[in-house]
Amino acid sequence: MTPTTLLAIVLGVGVASLAVAWALARWVLRKDDGTPEMRAISDPIREGAQGFLHTQYGTIAKLAGLVAVLLFVLYAFMRKVSPNDPVGTVTLALFTAAAFILGALCSGLAGYTGMWVSVRSNIRAASAARRSGNEAIQVALRGGAVSGLMVVALSLLGVGGLYALLYAIYPDSFIGKIPLMIVGYGFGASFVALFAQLGGGIYTKAADVGADLVGKVEAGIPEDDPRNPAVIADLVGDNVGDCAGRGADLFESTAAENIGAMILGATLAFGAKQSDGAPAIVAPIAFILFPLVARAFGLVASIIGILKVKAANEEEDPMKTLNRGYAWAMALALVGFVVATRWLLHTPAAPQAWWHFALCGVIGILTSWAFVWITQYYTEYRYRPVQMIANASTTGHATNIIAGISVGLESTALPTLVISTAIIAAYKLGTTSGLVNAGGQPIGGLFGTAVATMGMLATAAFILAMDTFGPIADNAGGIAEMSGQPPEVRRKTDRLDAVGNTTKALTKGYAVGSAALAAFLLFSAYMDEIGAYIGKPFESVNIAVPEIFVGGLLGAMLVFLFSGWAIQAVGKAAQSIITEVRRQFRERPGIMAGTEKPDYSQCVTIVTQAALKEMVRPGLLVVGMPIAVGIIFRFLGAWSGRPLLGAETVASLLMIGTISGILMGNFLNNGGGSWDNAKKYIEMGNLGGKGSDAHKAAVTGDTVGDPFKDTAGPSLHVLVKLLSTITLVLAPFFLA
């Protein structure tokens, strides 16, 4: 196979996936947009979401521009130059800054596109529910699929396009160094994803908390009641947080994982030797581009799975319908992985290597399934954890909170065991692949973990489609309620909403699991990059050295401080909304009487301003911490005669910060999700139903859990990967 052929396949599948996304968007938009009463609700949601994203992305663009200039200056004038650099310093500085900007633009486009379609799909799903539950499911999922396909396709096209451009410019002898030259793309994607997820999460939960506490608890009115001034802001938040934010999150996951796997593929391809010293891999380009080809096959599998989603009958559980499509996507992704490994990773010098790596891919796919199942267990009302929280609500608010925190803490155990098993099994399969270095030592272990990560992200497009299904279904329920649709329509949208809550929770579990595997992969890529700069392997970090121990301590601190600031930001913004809703109820009594419309726009404006203000401090903390630690300890190392101290300290920060972030992310996501569904379990008529003391306690727990599961938790997925991409891009500056 030639590089041109492989790149043509990758770019061709990316373009074809965009075409399918466009076709799905047209299919959704051809559906009718409901009654005038429905449009009166959906239009403000659409306008509010678009207005927030325009303002938010304007702020992010200014910050990204400053970072791009900083990257250029650092690379042009302060970078430690490797003797193996394929290009000049200024050229590399320009390309790194340009790749950062391109990654940021693509990440923003992926998030915005998902939101653009979702705010037009919600009313169409609500209208479809007037005719058929199956049609409503298909509208919501295909609306979400536009986001899923756009995210993965743009990631594939960005990384593949940059590689193709550099391959066309530089000779074949530099093909292994090209992945190191495009790490700026992953940094740009991560940078935008952090602020998009953080800002969207603050917005959605501030509005949700404000609407719930004043509307449900104080005024005693139902959820999505049109008399609640904060209800439109709440529905807007579902789109800017769960659609735009999660889209940017998984975009940077796939982009960073592609680049990290390509770096490790290049290291393996050029490091593997036969017993006589000859290269063991005759076509290194196959190992380098394998991640992109595997991602392309996963896209095709996801498209087929999405098109297979159709209810067997009107009474079928929507979750069962979606799971059937997911099963199709997983099965086809598995087949695609086996085909790709046999085609690209077979080498005569190690004939068993390809099936070892194929099994690594299987491990990754099974890991994704395990994370989906574990999250489902801890967040669905059918299982013990959620029912335990619901039962605890019968004895008061405090016991609800205690039960919810305990479930969140407990839920970290199984994911940790699954990830640990996956990493060790994939590593062992890689080391027994038969590929060795010039000294006869096995070297395929890290690439095995990279392949497992690719397996876990193989169905990312379908998973993201299910995630975006959630806010579309939630909005559809709100539109049906506020526009006064008949009970049978509301019953259908309620079923979709309940399933949407589950799919959103599942995606968070999937995202944190993929972050764990991707972070280990990117950590390994960072170690490889440092090794390339110092001209010898950089394989271990001694945590017993005081400075390196402090680096790890700072990494753990970063996770806790960031989480605290993110949750605090929701609390501050929610206070503004609560004050405004109380003011409107107090000064305009006609609102509660139903004779006067509330001022929805004022709540939208307040929460927009608060979210944009509050997202900056925690976001800059994440970007600045690894840079500050690396630079400070670099100079300390130079002063004390230890030129690697900066790189080693950053490695410790990255390692411990990743571990802490994964555990904290699981705790926040699952704890918050279980609180949410405990409330819904009671609202279904259990333990006294709506209005009971148990329900009031459950609403308190749900409110506490909101910033856990939709602000701090999802933002930690991005934090973990942003730490990795920052260190990859800035690795040369940590060396004295």
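Residues numbered from 1 in each chain as written. Predicted model: local features only at pLDDT ≥ 70, side-chain atom pairs only at ≥ 80, totals over all residues. Heavy atoms only, no water.

**Quick look at the nonpolar core**
Inference 1: Counting residues in each nonpolar core, the largest one holds 256 residues, and the members touching the most others are Tyr163, Phe290, Phe357, Leu435, Phe447 and Tyr526.
Inference 2: Counting residues per element, this core draws most heavily on helix α7 (residues 231–271), at 20 residues. (Core = buried A, V, L, I, M, F, W, Y, C linked by side-chain atoms within 4.5 Å. Buried < 20%, exposed > 50% of the residue type's maximum accessible area, 1.4 Å probe, protein only. Helix = DSSP H or I, 4+ residues; strand = E, 2+ residues; numbered from the N terminus.)

**Some details on the packing of helix α10 (residues 353–379) against helix α14 (residues 445–456)**
Inference 1: As a packed pair, α10 and α14 sit with axes 7 Å apart at the nearest point and diverge in direction by 45 degrees. Between α10 and α14, the interaxial angle falls into the category oblique. Crossing of α10 against α14: the hand is right-handed. Here α10 contributes Phe357, Cys360, Gly361, Gly364, Ile365, Thr367, Ser368 and Phe371 to the contact with α14, which in turn contributes Phe447, Gly448, Val451, Ala452, Gly455 and Met456.
Inference 2: In terms of residue class, the contact of α10 with α14 is built from eight nonpolar, six polar and no charged. (Axes fitted to C-alpha atoms, helices over the stretch in contact; angles between N-to-C directions. Parallel < 35°, antiparallel > 145°, perpendicular 65-115°, else oblique. Left-handed = near helix turned anticlockwise from the far one by under 90°. Contact = heavy atoms within 4.5 Å. Nonpolar A, V, L, I, M, F, W, Y, C, P; charged D, E, K, R; others polar.)

**A word on the packing of aromatic side chains**
Inference 1: Going through the model one piece at a time under the given rule, you end up with 17 aromatic pairs.
Inference 2: Look at phenylalanine 191 and phenylalanine 195: their rings are 5.1 Å apart centre to centre, the planes differ by 55 degrees, and that puts the pair in the tilted class. Here phenylalanine 191 pairs with phenylalanine 195, and both are found in helix α6 (residues 183–218), just four residues apart, close to one helical turn. Take phenylalanine 191 and phenylalanine 195: they sit in the same class, and that class is buried.
Inference 3: The interplanar angle of 80 degrees and the centroid separation of 6.1 Å between the aromatic rings of phenylalanine 290 and phenylalanine 337 together place this pair among those described as edge-to-face. Residue phenylalanine 290 is found in helix α8 (residues 284–307), and its partner phenylalanine 337 is found in helix α9 (residues 318–344); the two are separated by 47 residues along the sequence. With respect to class, phenylalanine 290 is no different from phenylalanine 337; both count as buried.
Inference 4: Chaining the aromatic ring pairs together yields one cluster made of Phe287, Phe290, Phe337, Phe357 and Phe447.
Inference 5: Here the guanidinium or amino end of arginine 120 rests over the ring plane of tryptophan 116, the centre of that ring lying 3.9 Å away. (Phe/Tyr/Trp six-rings, centres within 6.5 Å; stacked < 30°, edge-to-face > 60°. Lys NZ or Arg CZ within 6 Å of the ring centre and 35° of its normal.)

**With respect to the environment of threonine 459**
Inference 1: Inspection of the secondary structure puts threonine 459 in the loop between α14 and α15 (460–482).
Inference 2: For threonine 459, a relative accessible area of 2% gives the class buried.
Inference 3: In this structure the C-alpha to C-alpha distance between threonine 459 and glycine 111, which are 348 residues apart in sequence, comes to 18 Å.
Inference 4: Residue contacts for threonine 459: discarding those within four places in its chain leaves Ser302, Tyr326, Ala329, Met330, Ala333 and Tyr510.

**What about the confidence of the model for the protein?**
Predicted coordinates in regions of low pLDDT should not be interpreted in detail.
Inference 1: On average, residues of the protein score 86 in pLDDT, and 98% of them are at 70 or above.
Inference 2: No element of the protein has a lower mean pLDDT than helix α5 (residues 178–181), at 76, and none a higher one than helix α12 (residues 397–410), at 96. (pLDDT = per-residue confidence, 0-100.)

**Some thoughts on empty space enclosed by the protein**
Inference 1: The full count for this structure, using the stated rule, is four cavities of 30 Å³ or more.
Inference 2: Taken as a whole, the largest cavity holds about 170 Å³ of empty space.
Inference 3: Lining the largest cavity are 19 residues, with Asp208, Glu223, Asp474, Asp676 and Lys680 positioned closest to its centre.
Inference 4: Going through the elements one at a time, α6, α7, α16 (487–534), α20 (645–683) and α21 (693–730) are the ones with two or more residues in the lining of the largest cavity.
Inference 5: Examining the composition of the lining of the largest cavity, we find that four residues originate from one element, α21, more than from any other.
Inference 6: The calculated volume of the second largest cavity comes to roughly 110 Å³.
Inference 7: Lining the second largest cavity, in full, are Thr375, Asn501, Lys504, Ala505, Lys508, Asn669, Asn670, Gly673, Asp676, Asn677, Lys709 and Asp710. (1 Å grid on protein atoms, 1.4 Å probe; cavity = no way out; pocket = protein on both sides within 12 Å on 5 of 7 lines; lining within 4 Å. Points joined across faces, edges and corners; volume = space filled by probe spheres on them.)

**Focus on a nonpolar patch on the surface**
Inference 1: Where nonpolar side chains cluster on the molecular surface, the patch consists of Trp369, Trp373, Leu414 and Leu417 and spans about 430 Å² of accessible area.
Inference 2: Mapped by element, the contributors of at least two residues to the nonpolar patch are α10 and α13 (413–431).
Inference 3: Along the chain, tryptophan 373 turns up in helix α10.
Inference 4: Classification of tryptophan 373 as partly exposed rests on a relative accessible area of 44%. (Patch = residues over 30% accessible without salt bridge, like charges linked within 9 Å, V, L, I, M, F, W, Y side chains within 5 Å. Areas by Shrake-Rupley, 256 points an atom, 1.4 Å probe, with all protein chains shown as cover. Salt bridge = Lys/Arg side-chain N within 4 Å of Asp/Glu carboxyl O.)

**Things to note about the pattern of salt bridges**
Inference 1: All chains considered together, the criterion is met by 23 salt bridges.
Inference 2: Here lysine 680 ties to aspartate 676 by a salt bridge, and the two come within 3.0 Å at their closest N and O atoms. Placement of both lysine 680 and aspartate 676 in helix α20 is noted, with a separation of four residues, approximately one turn of the helix. Here the two residues lysine 680 and aspartate 676 agree in accessibility, since each one is buried.
Inference 3: Of the charged contacts in the structure, one is a salt bridge between lysine 679 and aspartate 702, with a shortest N-O distance of 2.9 Å. Of this pair, lysine 679 sits in helix α20 while aspartate 702 sits in helix α21, and the two are 23 residues apart along the sequence.

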